[in-house]
Amino acid sequence: MSDENETQVTYLLLQGFWNLHSFNMFFFIIFLIIFLSTLIGNLLIIVLVSTSQPLHAPMYFFLCHLSVSDIILSLNIAPILLCTLLGGAQRMSFRGCIVQFSVFSAITIIECLLLLVMSYDRYLAICYPLRYASVMDFKTCIHLAAWSWFLGYSVHLCGFVPITTLRFCHNKLIIDHFYCDLSPLQRLACSDTSLVMLIVFVFAIPVFVLPCCLIIMSYIYIFITILRIPSTTGKRKAFSTCSSHLIVVATFYGTLITKYMLPYWGHLLLIDKVISLLHTVLTPLFNPVIYTLRNKDIKKAARTMCRKYCI
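Cut-offs applied
Residues numbered from 1 in each chain as written. Predicted model: local features only at pLDDT ≥ 70, side-chain atom pairs only at ≥ 80, totals over all residues. Heavy atoms only, no water. Disulfide = S-S within 2.5 Å. Helix = DSSP H or I, 4+ residues; strand = E, 2+ residues; numbered from the N terminus. Buried < 20%, exposed > 50% of the residue type's maximum accessible area, 1.4 Å probe, protein only. Salt bridge = Lys/Arg side-chain N within 4 Å of Asp/Glu carboxyl O. Patch = residues over 30% accessible without salt bridge, like charges linked within 9 Å, V, L, I, M, F, W, Y side chains within 5 Å. Areas by Shrake-Rupley, 256 points an atom, 1.4 Å probe, with all protein chains shown as cover. Lys, Arg positive; Asp, Glu negative; His and termini not counted. Charge placed at Lys NZ, Arg CZ, Asp CG, Glu CD.

Caption draft 1: Examining the state of the cysteines more closely. Per the stated rule, a full pass over the model turns up 1 disulfide. Sulfur-sulfur distance for the disulfide between Cys-97 and Cys-180 comes to 1.9 Å. Of note, the bridge from Cys-97 to Cys-180 carries an S-S torsion of about -125° and is left-handed in sense. With a gap of 83 residues between them, Cys-97 in helix H3 (residues 94-127) and Cys-180 in the loop between strand S3 (172-175) and helix H6 (182-188) connect regions that are remote in the sequence. A relative accessible area of 0% places Cys-97 in the buried class. In this structure Cys-83 is a free cysteine whose sulfur lies 13 Å from that of Cys-180, the closest cysteine sulfur available. Just so you know, Cys-213 is unpaired, no disulfide at all, and the nearest cysteine sulfur is the one on Cys-212, 5.8 Å from it. A relative accessible area of 38% places Cys-213 in the partly exposed class.

Take a look at the structure:
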């Protein structure tokens, strides 16, 4: 493509789910409820962990950080999705698109690292209970959480900077998606994207594949330790402490691997949108639902707060 045909991109049009037709209002109401429930559920976890003394433990400290990342992800993706459902294709500046993709990619990396830290916490608690308190002290928790956020925002720059060098052939672009993601931007670029894809692939190994492998290894050791517990009650109690985190990990990595690691079925955009919807909109809601419904300590803290402030 010659340079004279390449112009500076000024804005993009996000089409969202443009083919829903008369069902737009129905899905707008559904996703608005999901969005508000996500914010309320994650804020509730943050408030409960911050104010309830029994929840001042490493597991809930990391859960707070996971809730913060889920809130940021929801605020980054859901509003533009709701706008496309309510008013059709939405105009977004190219800089705004790049910022949205930057926040999305950074938060995705941060959640991978936080889930790894949480699995390490469960590994220590179950496999080395006598050493747990001395190893996972408050200073260690602060360091692990801080490094997760720092590495998340630092590593994503390695893949983000090359994307800003892509060139497009029109001053406005139509993206058949509900947010700015790598694949639609790559399809619309008229410059060579092989370097960008190579960098993304190389960095996907340490930030996605390696944490996933370490989480699997930690749970293998956890299950082996649980099987060695003689009593059925002890096994049930040990498994209950990590079951919620295991479900969240399976959901998060299930959608992530389906979206980015596996080849698309004929590159169908609808499948890409649905998987992206599961990952960006439903997973942030799934986390507080799982932890509030399956965790006795959080349910007890919620009842205590309700009696204190609602009666």
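Caption draft 2: Highlighting the pattern of salt bridges. Counted according to the given criterion, the structure contains 2 salt bridges. Between Arg-122 and Asp-121 there is a salt bridge, and its shortest N-O distance comes to 2.8 Å. The salt bridge partner of Asp-176 is Lys-273, with a shortest N-O separation of 2.7 Å. Of this pair, Asp-176 sits in the loop between S3 and H6 while Lys-273 sits in helix H9 (residues 269-294), and the two are 97 residues apart along the sequence.

Caption draft 3: Spatial organisation of a positive patch on the surface. A cluster of basic residues, Lys-296, Lys-299, Lys-300, Arg-303 and Arg-307, forms a positive patch at the surface. As for its placement among the helices and strands, Arg-303 is situated in helix H10 (residues 296-310). Relative accessible area serves as the criterion here: at 46%, Arg-303 is assigned to the partly exposed category.

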